[in-house]
Structure formats: structure tokens, C-alpha cells
Amino acid sequence: MAGWQKEFVGLKEFVKVSGDIRVTGESLSVPGNRKDEFYGLVEETQRALGAQVLGELLGQGRALAGKFSRMRQQMLAGTKLKELRLASSIENLLEDPETGMAKPAFWIVLDGLQKDLSFGEMEERAGREVVPFCRDLLRSLYESWMYYGIVAALKPARFYGVDSSDTDNMKAVETDSITVGSQTASREKRMPEAVFVTEDGRVFAMKSEIAEELEFYRQRPGRGRNFFAGGQAADRVAHRALLLYRLETVEKIPLLADRDKRFFLPPDLMCEFLLPEEMERPVSAAGFEKRVRAVYPRRPIQVLTWDESGDFPAGFLKDGAAACQVFVERTVVGMDEGKLGEIAGILGEAVLDKC
């Protein structure tokens, strides 16, 4: 009997001997004095079931969580920030990797109890639900480690929040907390989520945008697809791109995009992590190419990859004028923090020649 199965049998036995926990196919009733022990057993079974189907992903997740947490703590220690918050599901993973990565298994365990599912049914469902959930979570955490590792390599000394309640006149505000992907909800306008000043006095704005949303930055609302997040994408686990903008001063915070006016401010640097299949699959590569043309950056777009696997299709960005306006550089990062410092250093290089 697998470890998680023993945990599940123990949970069922606890329910049986309690006498006052009511379980049916449609309802579950747990007296207040038994909730802590009952849900503790559910969580232990959840963790064990998750470990069974996740295999080596569990170890990878623990290692990545530790690496990100150390990087974030070092960055915060050099500023007045107390927190740089990611989506709640990722924060849960960072706090307790085994439970966070197995979140969907919680409901599988309860369904197993209420619907009398077999071990095989529960494990098969966990493979379908827990593994994809965990892969998405780890992808997002890995992106966060790279993106904010690049920010950390710029050596920020002070962060400011952005008051964007007046979307035409934004201002920096004192804060001890930055939430990734946050802004005042707006159908047509996009603003930075934070501004930071580096040790050497440079000022940058940052935007952690859902990557697919960038494809529509230059389209008016109502044409094609609308922004499903309204700019406020703080608690979404999603594939993102990092946009960095060099500012003159903290007092002058620019609007990044206005879809009504088809305006988009070119970033000083854009970074995006891609999987091999996202580079090679025609539909995915076309989406990335659309983002490249929409963003029109001041420096080469940085494509970050885990290893050397994958390449763009023949003819990618080779059509005359567009090829000399923007181009892409690829960096294999893996878990090498030094590569993030190299990418941060690009912000000290000359901008593209916009031929």
C-alpha cells in the first residue's frame, strides 16, 4: 500500500470512529472540535498523494522555492521593502512547497471520502490535475526568479509604489510592499506596478505583464481580443514578460500604453522566458513575433531559456524593415544567477539603431 493510501485509510478510520462527522455524496459536516484534526489528516493525505504523482517535480520545486526566497530576501534587505508579493498560489508554494504544489489534491481527497473513490481513481485524477497545476506553478516561479533576479542585479536601493488612481497623472508613493502585476484596473491604459532607484542613482519603472496581453497593446478596445485582466493581473498564475523602463526622475512616471490612442511606450528592456515548444510551434512562435512587433523595444528583446533546446522557425523576423527595427537575443539561464546579472548589464549598453 502506497504512503498516501495509508494516510487516506487513516482519514477514513478517523471519520468512522468519530461518530459525529457526517459525510455524504453531497455534503460534509465536521464539528468545530474536530476540524483541526480532520483537516490536518486531509492535508497529510493531500501532501502524500501529491508526492506520489509529482515524483521529481517535488524536489525541483523545493530547490526553486529556496533559490527564489533567498534572492528575494537579499533584494529586500537592500531596500525599505518588507515584501515583494507574487500570486497567492505561488506564495503558498514558497511557504510550504509540498502542500502548495499539491493544492488540487485537497479536493481529490475530499471527493474520495464523499464519493468513495477507489485508490486508482484518485491517483489517476491526481495525475491529470495535480501535475499540470504544479508545472504551471513552477514555470511561473522560475520566471519570477529570473525576472526579479534581473531587477535585483540592478541593485535597487529604494522602491516606490505607483498611485495610478488618476491614470493621466501617476505619482510615486512611499510603500513597504510591492505586488507583482498590480495596477488600477483600466480597459485601455497600462501603468507600472513599481518604480525603483538603484544604488548608482538610476531610476526604473517595472511592469510584469501577462505575455499574451502584449499582443494587443496597440489595438483599440473592441478590436480583436480585449484585455481579460483589465490591467489588474496581480493574483494570476500566468506566463509573463518583464518590461523595464529607464526614467528621468521618480517624479515623472509615464503611461506605458493607451489602447484608445494606440500608444505604447517602448521599454528599455523586455525579457521573456520561452519553452522549446513555444519557439518551435508555428502558432506559439507567431504569437511571440506579434509581441516583438508590438513592443518595439529600445534594446534587443531577451529570450530566456532553460537550455539550448528549441529554435525559432526559419524566416522568423526576416521581413525587411521589421528585421532592422527589432531583434532578439537568447540567453540560456538554467539556474545560473550570473546570467541574470549579464542581462541587467544590457541596460548600460547603447540602444538599438532604429533603421
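For the structure, see preceding data.
Here is what the cut-offs are and how they apply
Residues numbered from 1 in each chain as written. Predicted model: local features only at pLDDT ≥ 70, side-chain atom pairs only at ≥ 80, totals over all residues. Heavy atoms only, no water. Pairing = 2+ DSSP bridges. Helix = DSSP H or I, 4+ residues; strand = E, 2+ residues; numbered from the N terminus. Axes fitted to C-alpha atoms, helices over the stretch in contact; angles between N-to-C directions. Expected span 1.5 Å × (residues − 1). Buried < 20%, exposed > 50% of the residue type's maximum accessible area, 1.4 Å probe, protein only. Contact = heavy atoms within 4.5 Å.

A.B. asks: I tried to follow the sheet that holds strand 7 (residues 189–190) on my own but got confused; where do I start?
C.D. replies: The strands that make up a sheet pair up through hydrogen bonds in the backbone, lying either parallel or antiparallel. In space, the 3 strands of this open sheet follow the order 7-11-12, with antiparallel pairing throughout. The open sheet has two edge strands with one neighbour each: strand 7 and strand 12 (263–264). Relative to strand 12, strand 11 (residues 257–258) is paired through 2 bridges, and the arrangement is antiparallel. Within strand 12, the residue paired with Ala-257 across the bridge is Phe-264.

A.B. asks: In this structure, what is going on with the sheet that holds strand 10 (residues 240–247)? I would like to understand it.
C.D. replies: With mixed pairing, 8 strands are arranged side by side in an open sheet as 5-4-8-9-10-13-14-15. With partners counted over all chains shown, the strands left at the sheet margins are strand 5 (171–173) and strand 15 (328–332), one partner each. Taking each pair of neighbouring strands and ignoring which way they run, the sheet shows an average axis angle of 30°. Sheet topology places strand 10 next to strand 13 (residues 269–273); 4 bridges connect them, and they run antiparallel. The residue bridging Leu-243 from the neighbouring strand is Met-270, located in strand 13.

A.B. asks: Got a minute to help me understand helix 2 (residues 35–54) in this structure?
C.D. replies: Along an α-helix, residues three or four apart share an orientation, since each turn contains 3.6 residues. Spanning 20 residues, helix 2 covers 28 Å between terminal C-alpha atoms, matching the ideal 28 Å at 1.5 Å per step. Buried within helix 2 are the following residues: Phe-38, Leu-41, Val-42, Thr-45, Gln-46, Ala-48, Leu-49, Gly-50 and Leu-54. Where helix 2 is buried, its residues contact helix 1 (3–18), strand 2 (28–29), helix 3 (56–77), helix 5 (97–101), helix 6 (105–115) and helix 7 (119–153).

A.B. asks: Is there a simple way to think about the environment of Leu-340 in this case?
C.D. replies: Within the secondary structure, Leu-340 is located in helix 11 (residues 337–345). For Leu-340, a relative accessible area of 3% puts it in the buried group. Between the C-alpha atom of Leu-340 and that of Gly-112, which follows or precedes it by 228 residues, the distance is 45 Å. Once you skip the residues sitting within four places of it in the chain, Leu-340 turns out to touch Trp-145, Met-146, Gly-149, Ile-150, Ala-153 and Val-333.

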